[in-house]
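Single-letter residue listing:
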Amino acid sequence: MNATDIKAARAAKVSATVERIRAIEAAEGVTPASLSKFREELMALAAQEHLFPAGEFPPPANGEKGSNRYLMQMDEGGTFALYLNALNPGNETKPHDHTTWAVVVAVDGQELNKVYRRTDDGTDPERCALVVDHEVMVEPGRGIAFMPDAIHSIHTTGAVPTRHLHMYGLSLEQLDGRKAYMADTGEIVPYNKNFMKATQQAKA
Ligand SMILES: [Fe+2]
């Protein structure tokens, strides 16, 4: 397949996958059970690695921190927003929420997800207590799904860059109420969508 054919095949497969996910959502709403079905649909898409060539979706140049995010498709109004994220090994985020549902699956590369549980009562908007509830290595054949209030951090611990499909109930550009949960200090602070880059710059 040449590049034009790959683009066309990708657009068709992405569109058909999102259409099935829309139908599941319409029938069942957003629940842990329906999100599992979204995840299965996206894993079947991600398994077609030839549709997402490494050369077309590179991570930041020279092994730099942060992510390159490629929009695959989103509905009018920003719903059902599907991206491909490419990160180099060695990245990590603070624990954060999404305020919408989220599903992450892998075309290539590994991303360790730490999923947290709050041990406080959640009533203080500025303070929290967190523990790691469980960990999931997102890699080819294994994905993860989150309800809107879930808290996770990601750690690209693998040896090769990631190409992961991330789907959200609403586009990241429209999510302005996200929070980061500082597990060490207990602070809750706004989660900037460039938090990874900002964190790296602050350290530099
Ligand atoms: Fe996230």
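Residues numbered from 1 in each chain as written. Predicted model: local features only at pLDDT ≥ 70, side-chain atom pairs only at ≥ 80, totals over all residues. Heavy atoms only, no water.

Under an unreviewed UniProt entry, the name given to the chain is Cysteine dioxygenase, and the source organism is Rhodovarius crocodyli.

Colleague: I'd like a description of the overall build of the chain, backed by residues and values.
Modeller: In terms of regular secondary structure, the chain is built from three helices and 10 strands. Whereas a compact globule of 204 residues would reach a radius of gyration of roughly 17 Å, the chain reaches 17 Å, a difference of no more than 12%. A principal-axis box enclosing the C-alpha atoms of the chain has dimensions of 55 × 45 × 30 Å. Across the 204 residues in the chain, those meeting the buried criterion constitute 45%. As displayed, the chain has an accessible area near 9,800 Å², and 51% of this comes from carbon and sulfur atoms. (Helix = DSSP H or I, 4+ residues; strand = E, 2+ residues; numbered from the N terminus. Rg over C-alpha atoms; globule rule 2.2 N^0.38 Å. Buried < 20%, exposed > 50% of the residue type's maximum accessible area, 1.4 Å probe, protein only. Areas by Shrake-Rupley, 256 points an atom, 1.4 Å probe, with all protein chains shown as cover.)

Colleague: Let's hear about the environment of Asp-120: which residues, and what values?
Modeller: As for its position among the elements, Asp-120 is in the loop between β4 (111-118) and β5 (130-138). Taking the C-alpha atoms as reference points, Asp-120 and Leu-130, 10 residues apart in sequence, are found 7.6 Å from one another. Filtering out sequence-adjacent residues up to four positions away, Asp-120 remains in contact with Arg-127, Cys-128 and Ala-129. Separated by 2.7 Å, the side chains of Asp-120 and Arg-118 make a polar contact. (Contact = heavy atoms within 4.5 Å. Polar contact = N/O pair within 3.5 Å; in protein donor to acceptor, adjacent residues only side chain to side chain.)

Colleague: With reference to specific residues and values, describe unusual backbone geometry.
Modeller: Glycine aside, residues mostly have negative phi, and peptide bonds are mostly found in the trans state. Of note in this structure, Phe-80 is not a glycine but carries a positive phi near 50 degrees. With respect to the helices, strands and loops of the structure, Phe-80 is situated in strand β2 (residues 79-87). Accessibility expressed as a relative area gives 10% for Phe-80, which makes it buried. A positive phi angle, near 65 degrees, is found at Thr-99, a position not held by glycine. With respect to the element layout, Thr-99 can be found in the loop between β2 and β3 (102-108).

Colleague: Please give an account of the pairing of strand β8 (residues 162-170) that cites residues and values.
Modeller: With eight of nine residues buried, β8 lies mostly within the body of the structure. Inspection of the sheet shows β2 paired to β8 by eight bridges, in the antiparallel sense. Looking at β8, one finds that Thr-79 is bridged to Leu-170. One ladder, built from six bridges, connects β3 with β8; its direction is antiparallel. Bridge pairing links Val-103 to Met-167 in β8. (Pairing = 2+ DSSP bridges.)

Colleague: Explain the sheet that holds β2 residue by residue, including any values.
Modeller: Spatially, β1-β2-β8-β3-β6 is the arrangement adopted by the five strands of the open sheet, whose pairing is antiparallel. Of all the strands in the sheet, the pair left with one neighbour each is β1 (67-73) and β6 (144-146). Averaged over all neighbouring strand pairs, the angle between strand axes comes to 25 degrees, with direction disregarded. Each of β2, β3, β6 and β8 is contacted by helix α2 (residues 32-46), which is oriented at about 20 degrees to β3, the strand it contacts most. (Axes fitted to C-alpha atoms, helices over the stretch in contact; angles between N-to-C directions.)

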